[in-house]
Amino acid sequence: MSNQIYLPRQVDAAILGGGCAGMSLAYRLLLGGYRGSVVVLERAVDFDREQRWCFWGPIDKDITPFVSKTWSKFLVAGGSLEFVRPAGAKYYQVSAPSFLNAIREKLSTANNFYLRMGVTVHKTTRDPANHVWNIGTDCGDVAAKLVFDARNLRGFTGSSDSAAPWLHQSFAGLTITTSKDVFDTDAVTLMDFRVPDGNEGAFIYVLPYSQNSALIESTLISVDREETDEHLTRVNWYIETKVKSSVTVHSTETGIIPMTTTKFPFSTTPGRYYIGILGGAAKPSTGYAFTRIQRHTKRIAAEMIKFGRPLSYRPSSTDQRREWIDDVFLTASAINKKFFTQTVLRMVDRLPPDLLIRFLSENDSLADDVKVMSVVGNRELADAAATLSGRRPQTGSVGD
Ligand SMILES: Cc1cc2nc3c(=O)[nH]c(=O)nc-3n(C[C@H](O)[C@H](O)[C@H](O)COP(=O)(O)OP(=O)(O)OC[C@H]3O[C@@H](n4cnc5c(N)ncnc54)[C@H](O)[C@@H]3O)c2cc1C
């Protein structure tokens, strides 16, 4: 039975899922002056989830107002090595609740945007006679000419039998305050492998907010996912052995991001498009998705405003080169559990910090990539190349 939320009966565009990608697209359409009607259907009843998105600059000017913290140095450590590097570009943080609530407020001032929270989408069916999509929800139906599906991992397949490498970045962390001043507020700990299993892709990530408050997160890059309990055990171990202060825990953040070069098509049926993680936005070798989501939604919004619909997208030669490198990294990481840790440490040791940041933020040139690949061992390159050459192209699929 439907509850009391009013849904428009027919719209030009329906966005399924009001998370990072769905709300970014709505924001970009609003900013660009899109005149069609847009509904965003989000199953959560509020935007208070514990999440933040971090990314390397340069930053898109439309995102600048949402930045809540920046860092100018980064630390990577493992074994007896510890590197603290100045970053040419800053590391930025956007808090998810602030970002989503700010966009919510902006949308509420426009009479052609409808954000509906507490609405779960169950079904989407195409009505070819009328060229519309019927969207079934627990609050009734909406017809839309175009559908943007941004519901994240729902219905993903492809992990076990995919020919492309498929790893997971699983993580869980605590936001804490410490009784002593222990953090350098300008240095983000990107990867501290000095933890049990640190030589097999496990590391600690620390975002310090002040000298006595931080997010401390455990991450594992692996074919197998790690459970939240195991991550929190690692976080507590780190607090006891490295932070060495009594702490008060305020909240927990958990997540899992696919790391794969499996292709997730932008569109498979006329009028329906996948965006965000569901559209393959996570960079395969790092799991970072925020910057890609911003670039992608900005482009879609511009095309919607100009042509009334998004255009299909062909990867450039630069995209293809980056994807090949991602493929080599993931294939080598899947074959050899120690590859990820060893290669990251070698990269930070041997490459200039600015080059690393260009690589991480996808601003890398061909010359940068040649230097990055020179750090990867010949044996791993040969193994990955042999695996890649025996592989057929593979496409992921999404279902309702
Ligand atoms: C905890 C965490 C931290 C991350 N940190 C970073 C980071 O620092 N930097 C970075 O670049 N990337 C980061 N990522 C990766 C990526 O940027 C995020 O996952 C991002 O939120 C993906 O955006 P999205 O819109 O695809 O999915 P989401 O933001 O997850 O949005 C999906 C939305 O769909 C809604 N939904 C799902 N099913 C339905 C349904 N049936 N009906 C209606 N609504 C539905 C959900 O409630 C959700 O709001 C992080 C991911 C996680 C999980």
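Residues numbered from 1 in each chain as written. Predicted model: local features only at pLDDT ≥ 70, side-chain atom pairs only at ≥ 80, totals over all residues. Heavy atoms only, no water.

**Describing the domain arrangement of the chain**
Phase 1 of the analysis: Under the domain assignment, the chain is made up of domain 1 (10-69 + 94-158 + 260-307), domain 2 (166-256) and domain 3 (318-389).
Phase 2 of the analysis: Here the C-alpha centre of domain 2 lies 30 Å away from the C-alpha centre of domain 1.
Phase 3 of the analysis: Contacts between domain 1 and domain 2 engage 16 residues on the former and 14 residues on the latter.
Phase 4 of the analysis: Summed over both partners, the interface of domain 1 with domain 2 comes to about 1,100 Å²; 60% of that surface belongs to carbon and sulfur atoms.
Phase 5 of the analysis: On the domain 1 side of the interface with domain 2, the three residues burying the most area are Glu 50, Arg 52 and Lys 69, jointly 46% of the side's total.
Phase 6 of the analysis: For the interface between domain 1 and domain 2, the tally reads one salt bridge.
Phase 7 of the analysis: Where Arg 52 meets Glu 253, a salt bridge forms, and the shortest distance between an N and an O atom there is 2.7 Å.
Phase 8 of the analysis: Per element, the largest residue contribution to the side of domain 1 that touches domain 2 is three residues, and it comes from strand 3 (residues 52-56).
Phase 9 of the analysis: Of the residues belonging to the side of domain 1 that touches domain 2, the class tally is six nonpolar, seven polar and three charged. (Domains from an automatic or database assignment. Contact = heavy atoms within 4.5 Å. Buried area = accessible area lost by both parts, 1.4 Å probe. Salt bridge = Lys/Arg side-chain N within 4 Å of Asp/Glu carboxyl O. Helix = DSSP H or I, 4+ residues; strand = E, 2+ residues; numbered from the N terminus. Nonpolar A, V, L, I, M, F, W, Y, C, P; charged D, E, K, R; others polar.)

**Some points on the pattern of salt bridges**
Phase 1 of the analysis: Under the criterion given, the structure shown has 21 salt bridges.
Phase 2 of the analysis: Glu 323 serves as the salt-bridge partner of Lys 263, at 2.5 Å between the closest nitrogen and oxygen. Of this pair, Lys 263 sits in the loop between strand 14 (247-260) and strand 15 (272-274) while Glu 323 sits in helix 5 (residues 317-335), and the two are 60 residues apart along the sequence.
Phase 3 of the analysis: Glu 323 gets classed as partly exposed once you look at its relative accessible area, which sits at 29%. (Buried < 20%, exposed > 50% of the residue type's maximum accessible area, 1.4 Å probe, protein only.)

**Description of the sheet that holds strand 5 (residues 81-95)**
Phase 1 of the analysis: Strands sit in the order 3-5-4-11-12-13-10-14 across an open sheet of eight strands; the sheet is mixed. Looking at which strands have only one partner, the edges of the open sheet turn out to be strand 3 and strand 14. Sheet twist, expressed as the average angle between the axes of neighbouring strands with direction ignored, equals 25 degrees.
Phase 2 of the analysis: Here strand 4 (residues 67-78) pairs with strand 11 (residues 187-192) via five bridges, running parallel. Following the sheet pairing, Leu 75 is matched in strand 11 by Thr 189.
Phase 3 of the analysis: Packing of helix 3 (residues 228-243) onto the sheet brings it into contact with strand 10 (166-178), strand 11, strand 12 (202-210), strand 13 (213-222) and strand 14, and relative to strand 10 it is tilted by some 45 degrees.
Phase 4 of the analysis: Packing of helix 7 (residues 353-360) onto the sheet brings it into contact with strand 3, strand 4 and strand 5, and relative to strand 5 it is tilted by some 40 degrees. (Pairing = 2+ DSSP bridges. Axes fitted to C-alpha atoms, helices over the stretch in contact; angles between N-to-C directions.)

**As for unusual backbone geometry**
Phase 1 of the analysis: The omega angle of the peptide bond from Gly 57 to Pro 58 is 5 degrees, so this bond is cis rather than trans.
Phase 2 of the analysis: Unusually for a residue other than glycine, Asp 197 sits at a positive phi of about 70 degrees.
Phase 3 of the analysis: By secondary structure assignment, the location of Asp 197 is in the loop between strand 11 and strand 12.
Phase 4 of the analysis: One non-glycine residue with positive phi stands out, namely Lys 244, at about 55 degrees.
Phase 5 of the analysis: Mapped onto the secondary structure, Lys 244 falls in the loop between helix 3 and strand 14.

**Some words on the pairing of strand 2 (residues 38-42)**
Phase 1 of the analysis: In terms of burial, strand 2 is largely enclosed, as five of its five residues are buried.
Phase 2 of the analysis: Where burial is concerned, the two faces of strand 2 agree: the one with Val 38, Val 40 and Glu 42 and the one with Val 39 and Leu 41 are both buried.
Phase 3 of the analysis: Sheet topology note: the strand 1 (residues 10-16)/strand 2 ladder contains four bridges and is parallel. Paired with Ala 13 across the bridge in strand 2 is Val 38.
Phase 4 of the analysis: On the question of chirality, the crossover connecting strand 1 to the parallel strand 2 by way of helix 1 (residues 20-32) is right-handed. (Right-handed = clockwise from strand over helix to strand, strands pointing away.)

**A few points about the state of the cysteines**
Phase 1 of the analysis: Taken as a whole and assessed by the stated rule, the structure comprises zero disulfides.
Phase 2 of the analysis: With no disulfide of its own, Cys 54 lies closest to Cys 20 among cysteine sulfurs, the gap being 12 Å. (Disulfide = S-S within 2.5 Å.)

**Examining helix 8 (residues 366-375)**
Phase 1 of the analysis: All of the buried residues in helix 8 are Asp 368, Asp 369, Val 372, Met 373 and Val 375. When helix 8 is viewed along its axis, its buried side chains cluster within an angular range of 150 degrees and face the same direction. What points out from helix 8, more than 90 degrees from its buried face, is the exposed set Leu 366, Val 370 and Ser 374.
Phase 2 of the analysis: At its buried positions, helix 8 is contacted by helix 5, helix 6 (339-350), helix 7 and helix 9 (378-389). (Arc of directions from axis to C-beta.)

**Points about the packing of aromatic side chains**
Aromatic ring pairs are defined here through the distance separating the ring centres and the angle between the ring planes.
Phase 1 of the analysis: Taken as a whole and assessed by the stated rule, the structure comprises 19 aromatic pairs.
Phase 2 of the analysis: Each ring, one from Phe 55 and one from Tyr 92, has its centre 5.6 Å from the other, and the planes form 15 degrees; the classification is stacked. In this pair, Phe 55 sits in strand 3 while Tyr 92 sits in strand 5, placing the two residues 37 residues apart along the sequence.
Phase 3 of the analysis: Residue Phe 55 is classed as buried on the basis of its relative accessible area of 5%.
Phase 4 of the analysis: Overall, the relative accessible area of 15% leaves Tyr 92 in the buried class.
Phase 5 of the analysis: Consider the rings of Phe 193 and Phe 203, whose centres lie 5.6 Å apart with planes at 70 degrees: the pair is edge-to-face. Here Phe 193, found in the loop between strand 11 and strand 12, pairs with Phe 203, found in strand 12; they are ten residues apart in sequence, far enough to count as distant. (Phe/Tyr/Trp six-rings, centres within 6.5 Å; stacked < 30°, edge-to-face > 60°.)

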